[in-house]
Amino acid sequence: MRRLLLLFITATTTLHVAAQAQVPTYLNPKAPIEERVKDALNRMTLHEKVKILHAQSKFTSAGVPRLGIHQLNMSDGPHGVREEIEWNSWNAAHWTNDSCVAFPSLTCLAATWNRSLAATYGNAVSEEFAYRGKDIMLGPGTTIARMPLNGRSFEYMGEDPYLAGEMAVPYIKSVQANGVACCLKHFALNNQETDRMSININVSERALREIYLPAFEKCVKEAGLWTIMGSYNRWLNIHCCHNDSLLNGILKREWGFDGAVISDWGGTHDTWQSATGGLDIEMGTGTDGKTSDKSLGYDTYYMANPLETLVREGKISMDIINDKAARVLRTIFRTAMNPNKAIGSLCSETHYEACQKIGEEGIVLLRNNGGLLPLDARKYNRILVVGDNAVRNMSEGGGSSELKTRHDISPLDGLRAIYGDKIEFARGYYAGRALYAKAEKLDPDSLQKLHDEAIKKAKESDLIIFIGGLNKNGYEDCENTDRKSYNLSYGQNELINDLAKIQKNMIVVTFGGNAFATPWINNVKALLHCWYLGSTSGQTLAAVLSGDVNPSGKLPVTFAKEQQDYPCFKYGEEGYPGKDGQVHYKEGIYVGYRWFDTKGVKPQFPFGFGLSYTTFKY
Ligand code: BGC
């Protein structure tokens, strides 16, 4: 019997070892990634190598089916996992199981100045990506806020390279610890949306190195970033998605980046330049990013058949292809074929908790005259809430970071939940639907009615909470366009002033990813800036207004008094938005507070400013 048992054990062990020996290295999850990459490369044909260098659908790039190597599933990013769209168009796929948690905007995260919250954010958001089967999150962004009208500042982390880098590193580390790659945006110098596809940035070497690159560099070196997205704009007159000096020179050689460079969608323009200019995965070609949908031939991408032809003709070396394919394979083994990739979860309780916590710490109290806040509800019987943002879903719109959320608590709902019947609402103004690259035409008579109704109700109130600011409409906080003015739109300045004339107890609450003018500041008692708070907006706002939470956020951007106070507007159109396709960063390193501090320009609220409900004596 014992002998039989021994025989059995020996036989099964031998079988097991034999089976293991048959697992090729590239499929062996225990093998070091570099060995897996090398082994896979050795087995792939030229065609297969080229195949993994470009899109095979709007948001996936191919694997190698013959070898069982997985494709890469990508999704925007960075505030939650985007709604599923059709394989080959920008249309929604209308799934019923792809609603997510919208987390606060990255400017809100930056305003917490709290690295461990950045890690909490990264962990929570990437669990949602993992659960939805995504390998690459298109985000976060560390583009520096040079210009206060930038339509995408809400997706970035403010004007200071140190702060942006310090916040991005823990975020990226926690995302990647879950086996999801971050694709850091937008490399580099994507500081405006106007003419984003073509504008060439002229910037001094010093400003480049001291202001615009350090946050990216930190993410590469300290977070071990896995992928990065080339920006649409040009530098040295070459598009950044295939800019040899930027991608091969600085990113790969100087900083030692070993991951994959992914083009922005429609940011690739040439086969030769892509081959030699450091691009590894071409995405979205054939569209201008969002607005046109041609039927796409993925084989005709710059880095598809045309690239293969150049290799076959001996014009592009096999080394270049091997290097690119190795970077893509590395990304696949780190994510899609990572044995430790998290299973993740969608809309879990801890995700909502994280959302609320980040929001609570990111809200910035900018003014609190006479200690009106925290709100002592016992003192007021009729609280009037005015403003479009009180009821607007602020996860809709904004471009690629738009989110389809499962639950949303609007500011009005959040306030009603704690102040109940005391709350009365008047919209006061209406911003129209969140359209991309255009603004809805609104009927002036209806707008006047909203204004008049608010004024009428104001007369019957004993406290007003105005909830406005920016939103995710085209020409507000939305990609592809910048804001047209530093002032709040839709007549908000006038409305705030009109209301303040009637009711002295007035609190202004603003949402928005950027700074704006506050010409009414001395007429209102309190101002609270919320950035975007995601799915739990209402609860988060209510917690801070009521004093359940003491505000502690600090501005990651300078709020100037007037638009002209920002350095980028000092040099005419050459400084912004550019002339003849060229924009010149003539202010050099004097971006944000560096300018205000050294040139003696008094801001409305300086970088780093933020009050709390505590009073200090020194
Ligand atoms: C944006 C990117 C985004 C991509 C895919 C582009 O228009 O610039 O940030 O990741 O679209 O949606």
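Everything that follows concerns the structure shown earlier in this document.
Of regular secondary structure, the protein chain possesses 19 helices and 16 strands. Against the 2.2 N^0.38 benchmark of 25 Å for 618 residues, the protein chain shows a C-alpha radius of gyration of 26 Å, consistent with a compact globule. Referenced to the eigenvectors of the C-alpha coordinate spread, the extents of the protein chain come out at roughly 90 × 75 × 55 Å. The 618 residues of the protein chain split such that 61% are buried. Pairs at least 24 residues apart make up 77% of the contacts formed inside the protein chain by residues separated by at least 6 positions.

Our next topic: the site of the ligand. Around the ligand, 15 residues are found, and the nearest of them are Asp76, Arg152, His186, Asp264 and Glu479. One of the side-chain nitrogen or oxygen atoms of tyrosine 232 is found 2.9 Å away from an oxygen atom of the ligand. Take aspartate 264: an N or O atom from its side chain is 2.6 Å from an oxygen atom of the ligand. Starting from 310 Å² of accessible surface for the ligand in isolation, the protein chains cover 100%.

Moving on to the packing of helix α15 (residues 444–459) against helix α16 (residues 492–502). Close contact between α15 and α16 brings their axes to 9 Å; oriented N to C, the two are set at 20°. Taken together, the axes of α15 and α16 are roughly parallel relative to one another. Classified by chirality, the crossing of α16 by α15 is right-handed. Taken together, the residues of α16 that come into contact with α15 (itself represented by His451, Ala454, Ile455, Ala458 and Lys459) are Leu495, Asp498, Leu499 and Ile502. Considering only residue class, the contact of α15 with α16 consists of six nonpolar, one polar and two charged.

Taken in spatial order, the six strands of this open sheet run β1-β2-β3-β4-β6-β9, and their pairing is mixed. Of all the strands in the sheet, the pair left with one neighbour each is β1 (60–61) and β9 (260–262). Here two bridges tie strand β3 (residues 136–138) to strand β4 (residues 181–187), and the two strands are oriented parallel to one another. Bridge pairing links isoleucine 136 to alanine 181 in β4.

Bringing empty space enclosed by the protein into the picture now. Evaluation of the coordinates by the stated rule reveals three cavities of 30 Å³ or more. Space inside the second largest cavity adds up to approximately 70 Å³. Residue lining of the second largest cavity: Ala145, Arg146, Met147, Pro148, Glu159, Asn514, Ala515, Val557, Thr558, Tyr566, Val591 and Gly592, and that is the complete set. Here the lining of the second largest cavity is composed, by residue class, of seven nonpolar, three polar and two charged.

The full count for this structure, using the stated rule, is 37 salt bridges. The partner of glutamate 166 in a salt bridge is lysine 218, with the nearest N and O atoms 2.7 Å apart. Of the two residues, glutamate 166 sits in helix α6 (residues 161–177) while lysine 218 sits in helix α8 (residues 214–223), which places them 52 residues apart along the sequence. The shortest N-O distance in the salt bridge between glutamate 313 and lysine 315 comes to 2.9 Å. A cluster of three or more residues bridged by salt bridges with shared partners is formed by Arg152, Glu155, Glu193, Arg196 and Glu479.

One can find glutamine 448 in helix α15. Of the residues examined, glutamine 448 reaches a relative accessible area of 43% and is grouped as partly exposed. For the pair glutamine 448 and tyrosine 429, spaced 19 residues apart in the sequence, the C-alpha separation amounts to 8.2 Å.

This paragraph deals with the pairing of strand β10 (residues 364–368). Of all five residues making up β10, five are buried, and the element is well covered by its neighbours. In terms of strand pairing, β10 meets strand β15 (residues 526–529) through four bridges, oriented antiparallel. Looking at β15, one finds that valine 364 is bridged to histidine 529.

On to the sheet that holds strand β5 (residues 200–202), then. Taken together, the four strands give an open sheet; going across it, the order is β8-β7-β5-β16, and neighbouring strands pair in mixed fashion. The outermost strands of the open sheet, each flanked by one partner alone, are β8 (238–239) and β16 (582–584). Bridge count for strand β7 (residues 234–235) against β8 is two bridges, and the pairing is antiparallel. From the neighbouring strand, tryptophan 235 faces β8, where its bridge partner is isoleucine 238.

This part takes up the pairing of strand β6 (residues 227–230). Burial along β6 is two-sided: Thr227 and Met229 and Ile228 and Gly230, pointing in opposite directions, are all buried. Relative to β6, β4 runs parallel, the two sharing three bridges. By the bridge assignment for β6, leucine 184 is matched with isoleucine 228.

Attention now moves to the packing of aromatic side chains. The geometry of an aromatic ring pair comes down to the distance between the two centres and the angle between the two planes. Inspection of the entire model under this criterion finds 19 aromatic pairs. Relative to tryptophan 255, the ring of phenylalanine 187 lies with its centre 5.8 Å away and its plane at 55°, an arrangement referred to as tilted. Of this pair, phenylalanine 187 sits in strand β4 while tryptophan 255 sits in the loop between α9 (244–254) and β9, and the two are 68 residues apart along the sequence. You can call phenylalanine 187 buried: its relative accessible area is 0%. For the pair phenylalanine 569 and tyrosine 576, a centre-to-centre distance of 5.8 Å together with 85° between the ring planes defines the contact as edge-to-face. A residue is classified by how much of its surface remains accessible, and tyrosine 576, at 12% relative accessible area, is buried. Aromatic ring contacts, followed pair by pair, group Phe516, Phe559, Phe605 and Phe609 into a single cluster. Directly above the aromatic system of tyrosine 532 lies the positively charged group of lysine 472, at a separation of 4.4 Å from the ring centroid. Positioned over the ring face of tyrosine 475 is lysine 484, at 4.3 Å from the centre of the ring.

Definitions and limits used
Residues numbered from 1 in each chain as written. Predicted model: local features only at pLDDT ≥ 70, side-chain atom pairs only at ≥ 80, totals over all residues. Heavy atoms only, no water. Helix = DSSP H or I, 4+ residues; strand = E, 2+ residues; numbered from the N terminus. Rg over C-alpha atoms; globule rule 2.2 N^0.38 Å. Buried < 20%, exposed > 50% of the residue type's maximum accessible area, 1.4 Å probe, protein only. Contact = heavy atoms within 4.5 Å. Near = heavy atom within 4 Å. Polar contact = N/O pair within 3.5 Å; in protein donor to acceptor, adjacent residues only side chain to side chain. Areas by Shrake-Rupley, 256 points an atom, 1.4 Å probe, with all protein chains shown as cover. Axes fitted to C-alpha atoms, helices over the stretch in contact; angles between N-to-C directions. Parallel < 35°, antiparallel > 145°, perpendicular 65-115°, else oblique. Left-handed = near helix turned anticlockwise from the far one by under 90°. Nonpolar A, V, L, I, M, F, W, Y, C, P; charged D, E, K, R; others polar. Pairing = 2+ DSSP bridges. 1 Å grid on protein atoms, 1.4 Å probe; cavity = no way out; pocket = protein on both sides within 12 Å on 5 of 7 lines; lining within 4 Å. Points joined across faces, edges and corners; volume = space filled by probe spheres on them. Salt bridge = Lys/Arg side-chain N within 4 Å of Asp/Glu carboxyl O. Phe/Tyr/Trp six-rings, centres within 6.5 Å; stacked < 30°, edge-to-face > 60°. Lys NZ or Arg CZ within 6 Å of the ring centre and 35° of its normal.

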